[in-house]
Amino acid sequence: MVLESTIICVDNSDYMRNGDFVPTRMQAQQDAVNLVCMSKTRSNPENNVGLLKMANAEVLVTLTSDVGRILARLHQVQPQGQINFVTAVRVAHLALKHRQGRNHKLRIVVFVGSPIEIDEKEIIKVAKRLKKEKVNVDVVNFGEEAINTDKLTAFVNAINGKDGTSSHLVTVPPGPMLSDALLSSPVIVGEDGAGASMTGAGFEFGVDPNEDPELALALRVSMEEQRARQEKEIRETAVATTGEAAAVTAASVEEEQLQRALGGSLVPDAAVSVPPTTGSSAVDFAAMTEEEQIAYAMKLSMETGGEDDAPAPMETDDGEASAKVEQKKDEEEDYSEVMDDPDFLQNVLQSLPGVDPNSDVIQNAMRSIADSKKDSKKDEKKPK
Amino acid sequence: MSPPDHHVKINKVVVHPLVLLSVVDHFNRMGKVGNVKRVVGVLLGSNRQGVLDVSNSFAVPFDEDDKDQSVWFLDHDYLEHMYGMFKKVNARERIVGWYHTGPKLHPNDIAISEMIRRYNPAAVLVVIDAKPKELGLPTEAYISVEEVHDV
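Here the structure is a predicted model, which is why all the values come from computation and not from measurement. (Residues numbered from 1 in each chain as written. Chains lettered and ligands numbered in written order. Predicted model: local features only at pLDDT ≥ 70, side-chain atom pairs only at ≥ 80, totals over all residues. Heavy atoms only, no water.)

Let's talk about the overall build of chain A
- Counting its secondary structure elements, chain A contains 14 helices and 8 strands.
- Residues classed as buried in chain A amount to 43% of the 384 residues present.
- Considering only contacts within chain A whose residues lie at least 6 apart along the sequence, 67% involve residues at least 24 apart.
- Summed over its atoms, the accessible surface of chain A is roughly 20,000 Å², and 51% of this surface lies on carbon and sulfur atoms. (Helix = DSSP H or I, 4+ residues; strand = E, 2+ residues; numbered from the N terminus. Buried < 20%, exposed > 50% of the residue type's maximum accessible area, 1.4 Å probe, protein only. Contact = heavy atoms within 4.5 Å. Areas by Shrake-Rupley, 256 points an atom, 1.4 Å probe, with all protein chains shown as cover.)

What follows is the structure in structure tokens.
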């Protein structure tokens, strides 16, 4: 997050009409400039970027943080004339001197795509001057590498001096990849590897934590909740398969549903035992008959205070788990119909391991159900 | 009141005292910083029947390299913004030219004039001497004339 003012020098000489970079050198350069602008402003919103065209060393856009303005002027640039490397760099330095951010670091990014006619001595002199003024220069060498590489290497080395590493030279061979080559280069990535990932895809969830921290946080939290839920499921099936008699107390209704769904779904496949809620021996769904399954379901639902979540199978021939799960919605109707038969209920209760049919509570319940059944029968008879 | 005509050729330039004061103040400000080079600014006013009335001015950030005459920088974004703000309070004033404190003409004045010509094709340059040695008008006005040379 370096606080920096950058001037980008674009080469707008006639050499930029060349098509060795796809589609033309000028277009490839424009994409690359776009990339650099974005990366500078993204790494620190207070950064300023300016634009200069090298052919007659004219400042197109003075230092600003408005990337739109820079791009607009950039697209109006036409290839014309010949560049003067030294003049351009000097004017860029002057423009940097008149920056608003007095504590910003100074940087010049130069795109060179045409042969430099200037003497190497002159170039080194400029480099030394810039080094004294603590300006860092990144040079992107493309197009005319053969002629320029030596001079530019000398330039960058002179600026860096003995120990400095803040100026870089990037040489890009011809091809369609000027911007791509820059993406991984030190021009964008910076000295310490910071400031890379440019697009939203670089960030988790496609959201920049810097730009929208709340959204990023919300996404992360929901992701973790989902993960925790899944882990719980996996843990429970794992526990079931080992057959431990772990007392997994049914904390919530949803958990029960989940267990049953899991157990039910595994009925056709393998013998999966769902951990019991009361701590009695593990119940093996596959081995139970239809009736036993119903009984178990009823028992579970009774134990939770009659909460109506037992996936009572509607059609007894259809013992598929999916049917059970789907018909959870029709529970109440199923439940009431099944419950309407007190004899059946009595049978069930007697077969349940943990329930004492003679307990008062059950007797009361049975009586009330029987009464209501009688009442409904009476009602049915009356209208007739 | 007849509208100011822009196309009549200028034969006289009248500089208001406000402009002179402003230029000298700018020069002294820059002098305190230690930068005793010349200062550059833009002139505002109107052209009435060949008489250019320079009524206001403002300074612009300007820098040049002493040794290399072709290296100079003038902040044109600042110029445009400032002019826009001036227009808000006095719509009649237009950019009519530019000034510098010379005291003499410089080789890159032509290049700078070209830049100012983008805002007004008939821009004049007024050299205002902030430290005059003799009595008399401290100002000298120039217009650029294009000549075709047979080389």
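Comments concerning the interface of chain A and chain B
- Facing the 15 residues of chain A at the interface are 16 residues of chain B.
- Taking both sides of the interface into account, the surface hidden between chain A and chain B amounts to around 1,300 Å²; carbon and sulfur atoms contribute 51%.
- Looking only at chain A, the three residues that lose the most surface to chain B are Thr62(A), Leu94(A) and His98(A), adding up to 40% of its buried area.
- Here chain A is connected to chain B by 6 salt bridges.
- Among the ionic pairs, Arg69(A) bridges to Asp77(B), the shortest N-O distance being 3.5 Å.
- The tally of links between chain A and chain B comes to 7 residue pairs in polar contact (both at pLDDT 80 or more).
- Of all the elements, helix H3 (residues 85-97) of chain A adds the most residues to the side of chain A that touches chain B, at 6 residues.
- Considered class by class, the residues forming the side of chain A that touches chain B number 6 nonpolar, 3 polar and 6 charged. (Buried area = accessible area lost by both parts, 1.4 Å probe. Salt bridge = Lys/Arg side-chain N within 4 Å of Asp/Glu carboxyl O. Polar contact = N/O pair within 3.5 Å; in protein donor to acceptor, adjacent residues only side chain to side chain. Nonpolar A, V, L, I, M, F, W, Y, C, P; charged D, E, K, R; others polar.)

Details of the environment of Trp72(B)
- With respect to the helices and strands, Trp72(B) occurs in strand E5 (residues 72-74).
- Counting along the chain gives 10 residues from Trp72(B) to Phe62(B), while the straight-line C-alpha distance between them is 7.5 Å.
- Those residues in contact with Trp72(B), other than ones at most four positions away along the chain, are Val91(A), Leu94(A), Phe62(B), Asp63(B), Glu64(B), Asn108(B), Ala111(B), Ile112(B) and Met115(B).

Here we look at the side chain of Glu64(B)
- Here Glu64(B) lies in strand E4 (residues 62-64).
- Here Glu64(B) falls in the buried class, since its relative accessible area comes to 9%.
- Polar contacts involving the side chain of Glu64(B) include one to the side chain of Asn108(B), which spans 3.0 Å.
- Look past the residues within four positions of Glu64(B) in its chain and what remains in contact with it is Leu94(A), Lys37(B), Arg38(B), Val71(B), Trp72(B), His106(B) and Asn108(B).

As for the packing of H3(A) against helix H4 (residues 120-132) of chain A
Residue and element names in this part refer to chain A.
- Where H3 contacts H4, the two axes come as close as 10 Å, and the packing angle between them is 10°. On the basis of their axis angle, the class for H3 and H4 is roughly parallel. At the point where H3 passes H4, the crossing takes the left-handed sense. Facing H3, whose interface residues are Phe85, Val86, Val89, Arg90 and His93, H4 presents Glu122, Ile123, Val126, Arg129 and Leu130. (Axes fitted to C-alpha atoms, helices over the stretch in contact; angles between N-to-C directions. Parallel < 35°, antiparallel > 145°, perpendicular 65-115°, else oblique. Left-handed = near helix turned anticlockwise from the far one by under 90°.)

Examining the side chain of Thr64(A)
Residues and elements named next belong to chain A.
- By the element assignment, threonine 64 lies in strand E3 (residues 58-64).
- One polar contact links the side chain of threonine 64 to the main-chain amide nitrogen of aspartate 66, over a distance of 3.0 Å.
- Once residues within four sequence positions are removed from consideration, threonine 64 is found in contact with Asn47, Asn48, Val49, Arg69 and Ile70.

What about the confidence of the model for chain A?
Residues and elements named next belong to chain A.
- In this model, chain A carries a mean pLDDT of 71, and residues with pLDDT of at least 70 account for 58%.
- Mean pLDDT across the elements of chain A ranges from a minimum in strand E7 (residues 273-274), with 41, to a maximum in strand E2 (residues 48-53), with 92.
- Note on residues 191-203: pLDDT under 50 across the span, and 20 contacts to partners over four residues away in sequence or across chains.
- Note on residues 306-333: pLDDT under 50 across the span, and 35 contacts to partners over four residues away in sequence or across chains. (pLDDT = per-residue confidence, 0-100.)

Structural notes on the sheet that holds E3(A)
Residue and element names in this part refer to chain A.
- If you trace the 6 strands from one edge of the open sheet to the other, you get E3-E2-E1-E4-E5-E6, paired in mixed fashion. Edge positions in the sheet fall to E3 and strand E6 (168-172), since each has one partner strand and no second. Each neighbouring strand pair of the sheet contributes to a mean axis angle of 15°, computed without reference to strand direction.
- As paired strands, E2 and E3 are joined by 4 bridges and run antiparallel to one another. Paired with valine 49 across the two strands is threonine 64, which belongs to E3.
- Sitting on the sheet, helix H2 (residues 67-75) is in contact with strand E1 (4-10), E2 and E3, with an inclination near 165° to E3.
- Here H3 sits on the sheet in contact with E1, E2, E3, strand E4 (105-112) and strand E5 (135-142), set at roughly 155° to E4. (Pairing = 2+ DSSP bridges.)

Observations regarding unusual backbone geometry
- Phi at Ala57(A) is positive, roughly 50°, even though this residue is not glycine.
- Within the element layout of this structure, Ala57(A) appears in the loop between E2 and E3.
- The exposure class of Ala57(A) is buried, given its relative accessible area of 12%.
- Positive phi, normally seen in glycine, also occurs at Gln49(B), with a value near 50°.
- Relative to the helices and strands, Gln49(B) resides in the loop between strand E2 (40-48) and strand E3 (51-59).
- Residue class for Gln49(B) comes out exposed when judged on its relative accessible area of 55%.

Focus: the pairing of E1(A)
Residues and elements named next belong to chain A.
- Across the 7 residues that make up E1, a large majority, 7, are buried.
- Examined bridge by bridge, E1 and E2 share 6 bridges and lie parallel to one another. Opposite cysteine 9, over in E2, you have leucine 52 as the bridge partner.
- On the question of chirality, the crossover connecting E1 to the parallel E2 by way of helix H1 (residues 25-43) is right-handed. (Right-handed = clockwise from strand over helix to strand, strands pointing away.)

Overview of the packing of aromatic side chains
Residue and element names in this part refer to chain A.
- Tallied over the full model, the rule gives 4 aromatic pairs over all chains.
- Between the aromatic rings of phenylalanine 21 and phenylalanine 142, the centroid separation amounts to 5.4 Å while the plane-to-plane angle is 90°, which identifies the pairing as edge-to-face. Here phenylalanine 21 is found in the loop between E1 and H1, whereas its partner phenylalanine 142 is found in strand E5, with 121 residues between them in sequence.
- On the basis of relative accessible area, phenylalanine 21 is assigned to the buried category, the value being 0%.
- Under the relative-accessibility criterion, phenylalanine 142 is labelled buried at 0%. (Phe/Tyr/Trp six-rings, centres within 6.5 Å; stacked < 30°, edge-to-face > 60°.)

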